Each structure stands twice: as structure tokens, then as C-alpha cells.
Amino acid sequence: MAYSLTEIATIWKLSSNSFPQGNVKHLVTDSRKVVAPNESLFFAIPGLRRQGIDFIDELYQKGVRYFVVPHTFKPSNEYDDAVYFFVEDVVRALQQLAAWHRKHFSYPVIGITGSNGKTVVKEWLYQLLKQDYSIVRSPRSYNSQIGVPLSVWEMSNQHQLAIFEAGISQPNEMKFLAEVIQPTISVFTHFGDAHAENFGSKLEKLQEKMQLFPINGEWVVSADFFPDEWNNFIQLPSNAFTWSRKESATLRVSAVQLNESHTTIQAEYKNQLIQINIPFTDQASINNAITCWSVLLLLNIPQPIIQQRMLYLEPVEMRLHLRKGMHNCILINDAYNTDLGSLQVALDYLMQHHLQQRRTTIILSDITAGNSNLNAIYSLVADAIAARNIDRFIAVGKDMIAHAALFLQKGLSPIFFENTDALISAWYSLRFHDETILLKGARRFGFERLSQLLEEQVHQTVMEVNLSALAHNIKSYQKRLKPTTQVMAMVKAFSYGSGIEEVARVMEKNGVDYLAVAYADEGVALRKAGIRLPIMVMSPEPTAFDALVEHALEPEIYDLKLLQELVRYIHAQAIPTFPIHIKLDTGMHRLGFESHEMNDLLQILQSHPQLLVKSVFSHLAASEQAQHDNFTLEQQRVFEAGVMAIEEVVHYTFLKHIANTAAVQRHSTLEYDMVRLGIGLYGADVTKDAPIDLETVATLTTTVAQVKEVAKGDTIGYGRLGVAERDMRIATIRIGYADGFGRSLGLGKGKVWIQGGLAPVVGQVCMDMTMVDVTDIPGVVAGTSVEIFGKNLPVQQVASWANTIVYEILTGISQRVKRVYFEE
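Summary of the structure given here. These figures come from a predicted structure and were not determined experimentally.

Cut-offs and rules
One numbering rule holds for all chains: residues counted from 1, following each sequence as written. Residue-level local features of this predicted model are given only where pLDDT is at least 70; pairs of side-chain atoms are given and counted only at 80 or more, and the full residue set underlies all totals for whole chains, interfaces and linings. Heavy atoms from the whole structure form the basis of all side-chain values; hydrogens and water molecules are not counted. Numbering of helices and strands starts at the N terminus; helices are DSSP runs of H or I of at least 4 residues and strands are runs of E of at least 2. We take the radius of gyration over the C-alpha atoms and set the globule estimate at 2.2 Å times the residue count to the 0.38 power. Accessibility here uses a 1.4 Å probe with only protein chains present; expressed as a share of the type maximum, an area under 20% marks a residue as buried, one over 50% as exposed, and anything in between as partly exposed. Any pair of residues with heavy atoms lying within 4.5 Å of one another is described as a contacting pair. Residue burial considers only the protein chains on display, and all accessible areas are found by Shrake-Rupley using a 1.4 Å probe. When charges are counted, Lys and Arg contribute as positive and Asp and Glu as negative, whereas His and the chain ends are disregarded. Taken as the charge centre is NZ of Lys, CZ of Arg, CG of Asp or CD of Glu, depending on the residue. Here the arc refers to the directions that run from the helix axis out to each C-beta atom. Strand pairing is assigned whenever DSSP identifies at least 2 bridges connecting the two strands. Angles run from 0 to 180 degrees between N-to-C directions of axes, and those axes are lines fitted to C-alpha atoms, restricted for helices to the stretch in contact. Look down the strands so they point away from you; if going from the first strand over the helix to the second traces a clockwise path, that crossover is right-handed. Residues are said to line a cavity or pocket when one of their atoms sits within 4 Å of a point; the points come from a 1 Å grid over protein atoms alone, cavities being sets where a 1.4 Å probe fits but cannot get out and pockets being open sets with protein on both sides within 12 Å along at least five of seven lines. Grid points are joined across faces, edges and corners, and a volume is the space filled by probe spheres set on the points. All residues other than Ala, Val, Leu, Ile, Met, Phe, Trp, Tyr, Cys, Pro, Asp, Glu, Lys and Arg, Gly among them, are scored as polar; the first ten of these are nonpolar and the last four charged. The criterion is simple. A nonpolar core is a set of buried Ala, Val, Leu, Ile, Met, Phe, Trp, Tyr and Cys residues joined through side-chain atoms within 4.5 Å. Oblique is the label for any angle not under 35 degrees, not over 145, and not in the 65 to 115 range, which are roughly parallel, roughly antiparallel and roughly perpendicular in turn. When the near helix sits turned anticlockwise from the far one by under a right angle, the crossing is termed left-handed; a clockwise turn instead gives a right-handed crossing. Classification of ring pairs uses Phe, Tyr and Trp, with its six-membered ring standing for Trp, and accepts pairs whose centres are within 6.5 Å; under 30 degrees between planes counts as stacked, over 60 as edge-to-face, and the remaining range as tilted. Two limits define a charge over a ring: the Lys NZ or Arg CZ must be within 6 Å of the ring centre, and within 35 degrees of the ring normal.

### Regarding the overall build of the protein chain
Turning to step 1, where the next piece is worked out: What the protein chain contains, in helices and strands, is 26 helices and 39 strands.
Turning to step 2, where the next piece is worked out: Its C-alpha atoms give the protein chain a radius of gyration of 31 Å, near enough to 28 Å, the size a compact globule of 824 residues would have.
Turning to step 3, where the next piece is worked out: On the principal axes, the C-alpha backbone points of the protein chain span a range of 100 × 70 × 55 Å.
Turning to step 4, where the next piece is worked out: When burial is assessed residue by residue, the protein chain has 55% of its 824 residues classed as buried.
Turning to step 5, where the next piece is worked out: In the protein chain, once contacts between residues fewer than 6 apart in sequence are set aside, the share between residues at least 24 apart is 66%.
Turning to step 6, where the next piece is worked out: A total of about 36600 Å² of accessible surface is found on the protein chain, and carbon and sulfur atoms cover 48% of it.
Turning to step 7, where the next piece is worked out: When the 73 basic and 87 acidic side-chain charges of the protein chain are each reduced to a single mean position, those positions are 2 Å apart.

### Describing helix 22 (residues 598–607)
Note on helix geometry: an α-helix contains 3.6 residues per turn, so any two residues three or four positions apart are oriented the same way.
Turning to step 1, where the next piece is worked out: Among the residues of helix 22, Met598, Leu601, Leu602, Ile604 and Leu605 are the ones counted as buried. Buried residues in helix 22, looked at end-on, bunch into an arc of 160 degrees, giving them a common side. Of the residues in helix 22, the exposed ones pointing more than 90 degrees away from the buried face are Asn599, Gln603 and Gln606.
Turning to step 2, where the next piece is worked out: Those residues of helix 22 hidden inside the fold are in contact with helix 21 (560–572), strand 27 (578–584), strand 28 (611–618) and helix 23 (629–650).

### Quick notes on the sheet that holds strand 27
Turning to step 1, where the next piece is worked out: Pairing in this open sheet of 8 strands is parallel, and the strands run 29-28-27-26-25-24-23-30 from one edge to the other. Edge positions in the sheet fall to strand 29 (655–657) and strand 30 (674–677), since each has one partner strand and no second. For this sheet, the mean angle separating the axes of adjacent strands, direction not counted, is 25 degrees.
Turning to step 2, where the next piece is worked out: Across 7 bridges, strand 27 lies against strand 28 in parallel orientation.

### Here's the deal with the sheet that holds strand 4 (residues 40–43)
Turning to step 1, where the next piece is worked out: Spatial strand order, 3-4-5-6: 4 strands in an open sheet with parallel pairing. A strand with exactly one partner marks an edge of an open sheet, and here the two such strands are strand 3 (26–28) and strand 6 (83–87). On average, adjacent strands in this sheet sit at an angle of 25 degrees to one another, irrespective of strand direction.
Turning to step 2, where the next piece is worked out: In the sheet, strand 4 pairs with strand 5 (residues 66–70) via 3 bridges, with the strands oriented parallel. For phenylalanine 42, the partnering residue across the bridge sits in strand 5 and is phenylalanine 67.
Turning to step 3, where the next piece is worked out: Lying on the sheet, helix 3 (residues 90–102) is in contact with strand 3, strand 4, strand 5 and strand 6; it crosses strand 4 at an angle near 140 degrees.

### Remarks on the pairing of strand 26 (residues 554–557)
Turning to step 1, where the next piece is worked out: Of the two faces of strand 26, the one lined by Glu554 and Glu556 and the one lined by Pro555 and Ile557 are each fully buried.
Turning to step 2, where the next piece is worked out: Between the parallel pair strand 25 (residues 535–537) and strand 26, the chain is carried across by helix 20 (residues 545–550), and the sense of this crossover is right-handed.
Turning to step 3, where the next piece is worked out: Regarding topology, helix 21 serves as the crossover connection from strand 26 to the parallel strand 27, and that connection is right-handed.

### Here we look at the layout of surface pockets
Turning to step 1, where the next piece is worked out: Within this model, the second largest pocket holds a volume of roughly 790 Å³.
Turning to step 2, where the next piece is worked out: Taken together, 32 residues form the lining of the second largest pocket, with Glu624, Ile679, Val686, Ile805 and Tyr807 sitting closest to its centre.
Turning to step 3, where the next piece is worked out: Listing elements by their share of the lining of the second largest pocket, those giving two or more residues are helix 17 (492–496), helix 24 (661–666), strand 30, helix 25 (795–801) and helix 26 (806–811).
Turning to step 4, where the next piece is worked out: Looking at the lining of the second largest pocket residue by residue, the class counts come to 17 nonpolar, 9 polar and 6 charged.

### Remarks on the nonpolar core
Turning to step 1, where the next piece is worked out: Within the largest apolar cluster, 106 residues are counted, with the highest numbers of intra-cluster contacts made by Met507, Leu515, Ile580, Ile582, Leu605, Ile646 and Phe789.
Turning to step 2, where the next piece is worked out: A per-element tally of this core places helix 21 first, with 7 residues.
Turning to step 3, where the next piece is worked out: Those residues within four positions of isoleucine 646 in sequence are excluded, and the remaining contacts are Ile582, Leu584, Met598, Leu601, Leu602, Leu605, Val616 and Phe654.
Turning to step 4, where the next piece is worked out: In terms of nonpolar packing, the next biggest core, distinct from the first, is built from 40 residues, Val121, Leu129, Ile274 and Ile301 among them.

### A word on the environment of alanine 659
Turning to step 1, where the next piece is worked out: Looking at the secondary structure, you find alanine 659 in the loop between strand 29 and helix 24.
Turning to step 2, where the next piece is worked out: Alanine 659 gets classed as buried once you look at its relative accessible area, which sits at 1%.
Turning to step 3, where the next piece is worked out: Distance from alanine 659 to leucine 97, taken between C-alpha atoms, is 44 Å for residues 562 residues apart in sequence.
Turning to step 4, where the next piece is worked out: Ignoring sequence-local partners within four residues, the contact set of alanine 659 consists of Leu620, Leu670, Val675 and Arg676.

### Focus on unusual backbone geometry
Turning to step 1, where the next piece is worked out: Even without being a glycine, tyrosine 672 presents a positive backbone phi close to 50 degrees.
Turning to step 2, where the next piece is worked out: Along the chain, the position of tyrosine 672 falls in the loop between helix 24 and strand 30.
Turning to step 3, where the next piece is worked out: Phi at glutamine 755 is positive, roughly 50 degrees, even though this residue is not glycine.
Turning to step 4, where the next piece is worked out: Inspection of the secondary structure assignment puts glutamine 755 in the loop between strand 35 (751–754) and strand 36 (757–760).

### A short note on empty space enclosed by the protein
Turning to step 1, where the next piece is worked out: One pass over the full model with this rule turns up 1 cavity of 30 Å³ or more.
Turning to step 2, where the next piece is worked out: The space that makes up the largest cavity amounts to roughly 40 Å³.
Turning to step 3, where the next piece is worked out: In terms of lining residues, the largest cavity is bounded by Leu700, Gly740, Phe741, Leu745, Ile788, Phe789, Val798, Ile809 and Ile813.
Turning to step 4, where the next piece is worked out: Residues belonging to the lining of the largest cavity are distributed by class as follows: 8 nonpolar, 1 polar and no charged.

### Regarding the packing of helix 4 (residues 118–129) against helix 8 (residues 283–298)
Turning to step 1, where the next piece is worked out: Running from amino to carboxyl end, helix 4 crosses helix 8 at an angle of 50 degrees, the nearest separation of the two axes being 10 Å. Between helix 4 and helix 8, the crossing angle belongs to the class labelled oblique. Here the hand of the crossing between helix 4 and helix 8 comes out right-handed. Taken together, the residues of helix 8 that come into contact with helix 4 (itself represented by Val120, Val121, Trp124, Leu125, Leu128 and Leu129) are Ser285, Asn288, Ala289, Thr291, Cys292, Val295 and Leu296.
Turning to step 2, where the next piece is worked out: Broken down by class, the residue content of the contact of helix 4 with helix 8 amounts to 10 nonpolar, 3 polar and no charged.

### Topic: the pairing of strand 34 (residues 728–733)
Turning to step 1, where the next piece is worked out: The element strand 34 is extensively covered by neighbouring structure, given that 5 of its 6 residues are classed as buried.
Turning to step 2, where the next piece is worked out: Here strand 34 pairs with strand 37 (residues 770–773) via 4 bridges, running antiparallel. Among the inter-strand pairings, isoleucine 733 is bridged to a residue of strand 37, identified as threonine 770.

### What about the packing of aromatic side chains?
Aromatic rings considered in pairs are described by the distance between their centres and by the relative angle of their planes.
Turning to step 1, where the next piece is worked out: Following the criterion strictly, the structure yields 22 aromatic pairs and no others.
Turning to step 2, where the next piece is worked out: Measuring from ring centre to ring centre gives 4.7 Å for tryptophan 427 and phenylalanine 432, while their planes differ by 40 degrees; the resulting arrangement is tilted.
Turning to step 3, where the next piece is worked out: By relative accessible area, which is 3% here, tryptophan 427 ends up buried.
Turning to step 4, where the next piece is worked out: Grouping aromatic residues by their ring pairs yields a cluster made of Phe42, Phe67, Phe73, Tyr84 and Phe86.
Turning to step 5, where the next piece is worked out: The ring of tyrosine 60 carries the charged tip of arginine 65 above its face, separated from the ring centre by 3.6 Å.
Turning to step 6, where the next piece is worked out: It is arginine 137 that lies over the ring of tyrosine 126; its NZ or CZ is 3.5 Å from the centre.

That is the geometry; function is a separate question.
So this is what it looks like as C-alpha cells:
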């Protein structure tokens, strides 16, 4: 739905006469997630480190014209057509707008709160009810003061049911979320210790959560969460739908039978014995399933249908993720909070995913327990760890040390550290290898430093990256372009071997408009490094769709199968608008839609307007070669025909780009709206007839490990293929094919630069070492620096010796080679 600017102004009691005509369909709080700028309203929310107003310039350049700002903000005189709503509290203004929007709909709204399980219950309710209702729901875990109003804003007349999460961490938060959600059915999933430190007592925290439960609404709660002593403070209405294992309730759970791969749950309901089977065996899933069961019964879904659907519940991916670590370790990173409930969940996850040949390790910080009895809490922690036979327990924090006796009583032998710094100091003595490691720590312990250590790879050979040269090369290409032409920089393949994060920061600083990566993992790394530029993912896999959404990454779509899978995904995830880049195959015949597939493509775009085409592009096959210029022009003709067909269907403008690095130098007519720059940015000119001023960005160096005197007739290296034709001095250097110095450079084909001279390779290139002839180069000793390629030995020359292309040399440099970045 769209609302006029004057309608919105009245919500905040602003004078509607001062606002021009215009409509708002999209609310934006993240400058990276703008999809329709001309209909977007940006809320400049203050942050701890960066302020929302800091991104107004960036958003204005993207086309956003409507802004909600603090009343103290002084707008720029440069933006005459910008519209500002001046408010006291930007977050409250967002909530008020969403609450006003919510009042336009009368269908049922389910509000879910609890210490754990909110997202799982929401997603399972969607799985169980999607056949009966058109459902709008919170994307992912949008349950905060900002996430809830953004979720509610997605309600529309096409829906028949809404499901929203509400999470709190401080007093006086739930009342605002309740005003936004206005639930007709309120669901309580679980009551635990998460964020307990911010409340005076458990009762105070419970009373805060219960503000989501209006007196005249319908409630779904477990009576087991409400001790008798709280009855005077929390009154359950007579019509509340309750479930319990212990006492009489609307749904009285009478038996829970755990099987190898599923659980059978029996209960009494309206004097009848009913049951469900779920494909899970952990306690959290059992509780969440009973909560969902209760909601479905409240909604009068027939029990036989419930029983059938419960069998096919699917797992919901949460915060916990498996990562590959160093020394054959697997890392489970859950450095978010350490309340007892989430610890149980994480331990279950650890046991489900460890391999028999690996031992299990937990690194655990002090438990978040609020005002609870710490002895009781740490006794339960000890029980939980002991019950799972964890092989190694590393405890961090003063509370852990204070309760050491409780762990010893349970037969545990923790390794204690007072803080994270102390653990890091002893890190290498702990010798992590062949382990599945659960990293579980409260945010204040900074366990992300431990995660970096577990994933770190170190190698002595060094790739030096000159960031000043990179900036120079960007400017050299920008000078060739029209001022309005945008630049997409290719940072795939570890930025052609140069290191993705640092290179991307230089791109962002020097006016690059878009970044392109090969896989979602690369884009995720950039987002985690704080890169805010739009990012296109060139090889998106369906398994990475979640990462695309979570990190505001934009996929390249190159065939019908991938497009159809994406359509199914965004529908399942209730995503209202999703940006895509369409690739056309104009003659490269690698990836892209061909002419005979265009009708199917156009039909999908027309029938799924939530797909927002950000750009249409193609890949030139031989733009650097003059003998193929006619073919390049034919690719241009096919591209323009495809672009025209898409424009006629979507009825809005998008970026068009086909020019790569060589085309920028040789084919100015292919500039269009944007160009894609790759290898040239890193200092390699692949054209022969259109030179450009470029500087060397990457220099690969190593050192000499040892120097030997080899007599005439002796052999060097594997297979005895290196033969000393005279008395020789052989230097063994610390680089091999595992580092990217290929075997094709062996047997004298390749050379390296040492002490001002070229030293040819002798014998075969080994995995980690290479031998070179330094007989005629004086002064070479152990430790002498060696240039593999750089200013003295161009990478183009090395590629020629290896009978390959520059791309392969640069992207082939192993990630075990350390990157060092500098500016001149």
C-alpha cells in the first residue's frame, strides 16, 4: 500500500500544508537496502557509532527524497527537492507510522514473545497454516523496536493472517511493540534468563512481556511458566488457551515418547486423547511444537490435519552456523548471549553436528543470569555439560572461576581463564586440532577475537598490495568515462588474489558505485567488514539465498531454473521486493539467457513484480582483440534487443552494462549506464592497441630458505630432472605450487628476481619450495628477499612463461599467502 506525504504528516501532527505531492510505499532504515528510491521513506535512526543522518547524502544520490530526521537536524541547501519530516524521536515515529498502518486491517494477527523459540514458532506456524491462509510474517528475526514496525508495514489487503515476533531486552519496550502489532492472538513461547540482567527480577521481566497480551485478546501460554506465587501479579483470563505437563490446562500433555528420529506427544483436549508426531527429539523443539499445536487448535484447524502436517515440520536455521577452522577443526560460533536456555540449545547443536573422529570442545563465558541464584545456575550449567560428555571445557570469566567447585563435583575438569585476554595469551598452548568447537560467549567477552584465531591461516610468503596504486588505476579508468557512467568493480576471486576486504574499502573510498563477487560468501565477508556499496553476486546458489537477504546482496540471474527457485524462495520468506541482475547470453555461451528463452523470462518478470530488476548486462567474449571487433558489435546488437524487450515488460528504468575492462579502453560506444572493471584495476593492461596509465598493485615476494653448492653433473629436485651443467649455487626459495607458483614454471621456463638479476628455476617446482640458479648473482644468502612478480618482474611476463593468462596467475595465489597492505 502507498500513502501520501500529507497523510503521513498528520500521523506525527505535522502541518500537512507544507508537504508536496508524493507517495510512500517502502520504509528504509538501512541505506544498503534501497530498492525503489522514489517511493521510499528513510528513517535517520541515531546509532551508537554512526548516525542515520550521516547517510542522507548517499541516499539522496541513490534517488531517495523523503527523510524522517531528528528535529535538531540542519538539512543541506543543496537538496531543494528533499522532503524532511522533523520529529522528536525517529524510532517512535517509525513505530507510530506502522501502528497507524496496522489499523487498516481486520484479519487475525498473531503476536509471539518469549525468551527463546519465537522465530521457530513463527516459522512453524507459517509451515502449518500456509495452506489455509495468505500469511504475512516477520522476515527472519525482525523482533526489535525497529524490526517489528518494518515487519508490520508489510501487511496488505492480500493477506488473511499476520504473524509477528516481539523481543525485548530493556524495561518499557514491549508497550511500544504491542501498540504496533495490536495482536488478536498473543503467544508466549518460553520464559528464561535471556536479558535478565536488565530487569530487577524475573517477575518484572515477565510483566514486561505480558504487555503484548491484551485483556480482550486470545492468549496461548504454557501454564508451567507461571509459578503459583505469581498468580497475584499475572492473571490469566478464563478464555486463555493453556498447555501444561503438570496441571490441568486446555491442552494437557500426558506423555512424550522420544524415538530415534521423532517424538510422539500425547495430550488431552476437550476430554479426548489426541497426539502428534514431530521429526525432532530435542526439548526445545518439543515445547515449540506443543505451542504451535495449541495455536492451531485455537484456530479450529481439525486435529487430523494438524497430525498430518506436524510430521513434515522442517528445521529453522538460527544463529548457529558451522564453519571450517584451522587444523581440521569445525567451529560453531554462537557468541551472542549465554543464558541457560540458549546454552542448552547450543549444546544440542554441538552434539548433533560433531563427527566421531573429532573430540568436542566448548569455550564458554560467564552465564547471563540476572538476579538468579548463581549457585543454582552454575550447577545446571555443570549438569548440562557433564550430561553430554564434552571432551574439553574452557571456562572464561570471574563467575566461572568462583563456581569451579560445582564443575569439579560433576566430574568436569575445566581450564579456567579470568577473561578473554588471558585465554588469548595461552592460546597456542591449547593446541586446537581435530575438534568440533562450540564458541559460546556473552557479547561483552568479545569472543569474535577467538573466532578469528580459530579460522586464521598464516604463511611466510607475502603478497604486498599497494592501495595507492589501486586508487590511481581507478582514477585512470574514471577519466575515460562520461561523468554519469557508473563503475562496477570486480572483487571476485579474492579481488584477483589481492584480498577482498581491503581492496573493497579503497573502491568505496574512490567513487566506485557497485562491487561484484563470485559467490555469496565473498559478499558476506564484505558486509562483515563494513562495506556498504551495492554488491552483485555473480554465481548465486539456492543454498545461499538466506545470506543474500541477510546481507543485502543482489544476485545475478542467468537461467530459468535459478530464477524459478528464487521466486519460490522469496514467496516462502514473505519478501516483498527483491533486487536482481539479469544476464543475457549474447555470444559468450557461458552463462545467461539466450534469445529463445526470453519469452519465459519476460512472463516471470511480468507475473512477479516483487522481482526488481536493478540491471541487465552481458559479457563480451573478445573485446581486447581487434580481429574480433565485428563479433563484439554483433554482441552489442543482441544485447540491445534483449534490453528493449525487458524494458517493455517492467515499465521502469534499470542499469545497462556490457563493457568490461578492455572495452572501456577500446569500445567507447559500449559504455551505456555502467562499466565493469576487473583486471586493469589491479595493474594489468590486457590490450595491445589502447594503452592506459596503470600502476603495479600486487607484488609477490618470498625469501631464500637455504643456499647450496651443487657440483657439475649432480641433479636437483624430484625425478632428477634438474641437472647441474656446471658447478652451481642453488637457492631454495619458500614458494611452491601450493602457493600458486605453478609447475609449468619449472625446468628453466620461469625465473624470479633476486638481488637485481633473474634466476631461472632449476628442476621441478615442489609443493612448498622451488630451487633457482643464483650462480651468477652475488650476495644471495638465506633470508634474501625474492620477487616472484611486481615492479621489477611484471606479472604479464610470468604469465607468458607459464603459457597462461594474467588472470590465472593472480587468482591462483593461495590464501595461505599472507597479504600486506600499504599506501604510499
